[in-house]
Amino acid sequence: QVQLVESGGGLVQAGGSLRLSCAGSGRIFSGNTMGWYRQAPGKQRELVARMTSGGTTNYADSVKGRFTISRDNAKNTVFLQMNSLKPEDTAVYYCKMEQVYYSYWGQGTQVTVSS
């Protein structure tokens, strides 16, 4: 089993920055993919950014140039640096780990961007 614990959410004004962290523990293998998804009220959960252990990244078009994903493989931790935040970035942000045939989710952290 794998546990993921997110931190770093909060309330910020438009144009501000936040940094999310997600620490994984448990039965973790190398070669996994870690990423961030978000879900706004009334909307489906969507990919924000994901990164393989080898460093390959994918970003949603809406966050390219503003958000940066990074990870520390030795600590099974993934980060999301969010700059130039917009009110439409308001959502619950979830960490996800994919390894072998399984996916694991964190409990989510709220990000609220005020205009």
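The structure displayed is predicted, hence computed values, not measured ones. (Residues numbered from 1 in each chain as written. Predicted model: local features only at pLDDT ≥ 70, side-chain atom pairs only at ≥ 80, totals over all residues. Heavy atoms only, no water.)

Q: Explain the sheet that holds strand β3 (residues 18–26) here, please?
A: Working definition: the strands of a sheet are paired by backbone hydrogen bonds and lie parallel or antiparallel to each other. Read across the sheet, four strands follow the order β1-β3-β8-β7 without closing on themselves; strand pairing throughout is antiparallel. Two strands lie at the open edges of the sheet, namely β1 (2–7) and β7 (67–72), each paired on one side alone. Pairs of neighbouring strands in the sheet enclose a mean axial angle of 15 degrees, with direction left out of account. One ladder, built from six bridges, connects β3 with strand β8 (residues 77–82); its direction is antiparallel. Each residue of the ladder has a partner; that of cysteine 22, found in β8, is valine 78. (Pairing = 2+ DSSP bridges. Helix = DSSP H or I, 4+ residues; strand = E, 2+ residues; numbered from the N terminus. Axes fitted to C-alpha atoms, helices over the stretch in contact; angles between N-to-C directions.)

Q: When you look at the pattern of salt bridges in this model, what are you seeing that I'm missing?
A: Close approach of charged atoms allows side chains with opposite charge to pair. Applying the stated criterion to the full structure yields five salt bridges. It is possible to trace a salt-bridge network through shared partners that takes in Arg38, Glu46, Arg66 and Asp89. (Salt bridge = Lys/Arg side-chain N within 4 Å of Asp/Glu carboxyl O.)

Q: How should I be thinking about the side chain of asparagine 32 in this particular structure?
A: One can find asparagine 32 in the loop between β3 and β4 (33–39). Judged by relative accessible area, which is 3%, asparagine 32 ranks as buried. Among the polar contacts made by the side chain of asparagine 32, one reaches the side chain of arginine 71 at a distance of 2.6 Å. With near-sequence residues (within four places) excluded, asparagine 32 lies in contact with Met51, Thr52, Ser53, Arg71, Met97, Glu98 and Gln99. (Buried < 20%, exposed > 50% of the residue type's maximum accessible area, 1.4 Å probe, protein only. Polar contact = N/O pair within 3.5 Å; in protein donor to acceptor, adjacent residues only side chain to side chain. Contact = heavy atoms within 4.5 Å.)

Q: Would you explain the state of the cysteines in this entry?
A: Should the sulfur atoms of two cysteines be covalently bonded, the bond is a disulfide. Using the criterion set out here, one finds one disulfide in the structure. With its sulfur 2.1 Å from that of its partner, cysteine 22 forms a disulfide with cysteine 95. Taking the torsion about the S-S bond as the criterion, the cysteine 22 to cysteine 95 disulfide, at about -80 degrees, is left-handed. A residue pair is termed long-range when its members are at least 10 positions apart, and cysteine 22 in strand β3 and cysteine 95 in strand β9 (residues 91–99) qualify at 73 residues. (Disulfide = S-S within 2.5 Å.)

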